[in-house]
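Geometric and topological summary
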Amino acid sequence: MSAADDETRVGLDAAAAHADERRAAPRVVVAGPCEIVVARYAGYCYGVERALRLTEDALAGAERPVATLGPIIHNPSVVEALADRGVGVVDAVEEAQGGTLVVRTHGVAPEELAGADRRRLHVIDATCPFVAVAQRKARALHEAGYTVVILGEHDHPEVVGLQGFAGGEAIVVADPDDAPLDRLEGRKVGVVVQTTQAHDALARLAATLAPLARELLIYNTVCDATEKRQSAACELAAQVDVVIVVGGRNSANTMRLAQLCRGIEPRTHHIETADELRDEWVAEARRVGVTAGASTPDDEIEATVARLQQVCGTREAE
Ligand code: SF4
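Moving on to the overall build of the protein. For the protein, the count of helices and strands is ten helices and 13 strands. Taking 318 residues into account, the globule formula puts the C-alpha radius of gyration at 20 Å, and the protein, at 21 Å, falls close to it. For the protein, the C-alpha atoms occupy an extent of roughly 70 × 50 × 30 Å along the three principal directions. Counting every position in the protein, which comprises 318 residues, the buried fraction comes to 43%.

Moving on, we come to the sheet that holds strand S4 (residues 87-90). Judged by pairing direction, the sheet is parallel, and its four strands sit side by side in the order S4-S3-S5-S6 without closing on themselves. Among the strands making up the open sheet, the edge pair consists of S4 and strand S6 (122-125). For this sheet the average axis-to-axis angle between neighbouring strands, irrespective of direction, equals 30 degrees. Relative to strand S5 (residues 100-103), helix H2 (residues 46-61) is tilted by about 175 degrees, and along the sheet it contacts strand S3 (66-69), S4, S5 and S6.

With that settled, consider the site of the ligand. Residues in contact with the ligand amount to 15 residues; listed here are only the nearest, Cys-45, Gly-47, Cys-128, Thr-195 and Cys-223. Mapped by element, the contributors of at least two residues to the shell around the ligand are H2, helix H5 (129-143) and helix H8 (225-237). It is H2 that contributes the most residues to the shell around the ligand, three residues altogether. Partitioned by chemical class, the residues of the shell around the ligand number ten nonpolar, five polar and no charged.

In this structure, strand S9 (residues 188-193) lies alongside strand S10 (residues 215-218), joined through four bridges in parallel fashion. Bridge pairing in S10 links Gly-190 to Leu-217. Between the parallel pair S9 and S10, the chain is carried across by helix H7 (residues 199-209), and the sense of this crossover is right-handed.

This part covers the domain arrangement of the protein. The domains assigned to the protein are domain 1 (20-45 + 225-313), domain 2 (46-128) and domain 3 (130-218). For domain 1 and domain 3, the distance between their C-alpha centroids amounts to 34 Å.

On the basis of which strands lie adjacent, the open sheet formed by four strands has the order S8-S7-S9-S10 and parallel pairing. In the strand order of this sheet, the two ends are held by strand S8 (171-173) and S10, each with one partner. Sheet twist, expressed as the average angle between the axes of neighbouring strands with direction ignored, equals 25 degrees. Running at roughly 170 degrees to S9, H5 makes contact with strand S7 (147-151), S9 and S10 of the sheet. Contacting S7, S8 and S9, helix H6 (residues 157-165) runs over the sheet at an angle of about 170 degrees to S7.

Structurally, the position occupied by Leu-217 is in strand S10. Placed 69 residues apart in sequence, Leu-217 and Val-148 show a C-alpha to C-alpha distance of 9.6 Å. Other than its neighbours up to four places away in sequence, Leu-217 contacts Leu-141, Tyr-146 and Gly-190.

Right, let's get into the packing of H8 against helix H9 (residues 252-264). One way to put it is that H8 packs onto H9 with a least axis distance of 9 Å and a crossing angle of 30 degrees. For the element pair H8 / H9, the angle class is roughly parallel. At the point where H8 passes H9, the crossing takes the right-handed sense. Across the interface between the two elements, Thr-226, Arg-229, Gln-230, Ala-233, Cys-234 and Ala-237 of H8 pack against Asn-253, Arg-256, Leu-257, Leu-260, Cys-261 and Ile-264 of H9. Residue classes in the contact of H8 with H9 are distributed as seven nonpolar, three polar and two charged.

With omega at -5 degrees, the peptide bond leading from Arg-64 into Pro-65 counts as cis. Its place among the elements puts Pro-65 in the loop between H2 and S3. Notably, Tyr-41 is not glycine yet its phi reads approximately 65 degrees, a positive angle. Along the chain, the position of Tyr-41 falls in the loop between strand S2 (34-38) and H2. According to the C-beta neighbour criterion, Tyr-41 is buried, with 25 such atoms within 10 Å. Not every positive phi belongs to a glycine, and Asp-155 is a case in point at roughly 70 degrees. The residue Asp-155 is located in the loop between S7 and H6 in this model. Looking at Asp-155, the number of C-beta atoms within 10 Å reads 9, which means it is exposed.

What follows is about H8. The terminal C-alpha atoms of H8 lie 18 Å apart, and with 13 residues this matches the ideal 18 Å at 1.5 Å per residue to within 8%. Among the residues of H8, those classed as buried are Ala-225, Thr-226, Arg-229, Gln-230, Ala-233, Leu-236 and Ala-237. Projected down its long axis, H8 shows its buried positions confined to an angular sector of 125 degrees, all on one face.

Cut-offs and rules
- Residues numbered from 1 in each chain as written.
- Predicted model: local features only at pLDDT ≥ 70, side-chain atom pairs only at ≥ 80, totals over all residues.
- Helix = DSSP H or I, 4+ residues; strand = E, 2+ residues; numbered from the N terminus.
- Rg over C-alpha atoms; globule rule 2.2 N^0.38 Å.
- Buried ≥ 20, exposed ≤ 12 C-beta atoms within 10 Å, placed from the backbone.
- Pairing = 2+ DSSP bridges.
- Axes fitted to C-alpha atoms, helices over the stretch in contact; angles between N-to-C directions.
- Contact = placed C-beta atoms within 7 Å.
- Near = placed C-beta within 6 Å.
- Nonpolar A, V, L, I, M, F, W, Y, C, P; charged D, E, K, R; others polar.
- Right-handed = clockwise from strand over helix to strand, strands pointing away.
- Domains from an automatic or database assignment.
- Parallel < 35°, antiparallel > 145°, perpendicular 65-115°, else oblique.
- Left-handed = near helix turned anticlockwise from the far one by under 90°.
- Expected span 1.5 Å × (residues − 1).
- Arc of directions from axis to C-beta.

So this is what it looks like as structure tokens:
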């Protein structure tokens, strides 16, 4: 990493930690014979909070119409509420009808931004700064003649954007065991990582590539928000009788939280909104855990806690 990027990353880690500070401790709410425990780090991450703030700024002052390139976050109630206030969603730059285009946290390939420029759209770039670092690294590796490997999910918008920054020639590896070794042997290989990947997957990829690449340069572009939320959710699931996971069904990180929690506490329920919560889920529970994905708004978490207080609070002390 260049010294400038080192500084950027250190500053970003500090900014993200600061944004997470108010979520850094679990919260316990007593309701009748029950304790409702909200997991550490439940809810919005730094990048999502920033993207929503930039979208609000666009609504307040930018040229209309305002549209986001893809849903701004994977939470239907937030997207609907923004639609009611005039923020549309387009699937491609060509669909935007003038005005302002907001690029979401995943970022886009440089050609997409150039297309927006050609169409004279006013672009508000809400690419998460952690993703932007990975994009710059992908570009630098490509320009320096490395064969770029992206550890990430095929077709994920962030990975598609990174491929664009790597000149469209990157090799995407979803599972280190499936890395195409014949295409990498004896070459200068440079690695960047989709920000939401796990550190252990990167360690496995590094171990696979190190013996065969002629030169190996790895940029660890993982953002800690995902792992922090996952380990806090697992910690919670081990301590409660029931887990309620709140967040969009189209949110991969929320689905993953539910999957991890279910592996520890089978009585795990994934809801999108508080009114989906069923009384019988918590009828016998003494400790109910609540966690939420990085794209779940605080008011959904609070509505779930309030609903649990109502259900548990009316139970007789046992
Ligand atoms: Fe940014 Fe994604 Fe990390 Fe959130 S999870 S801070 S959007 S890189």
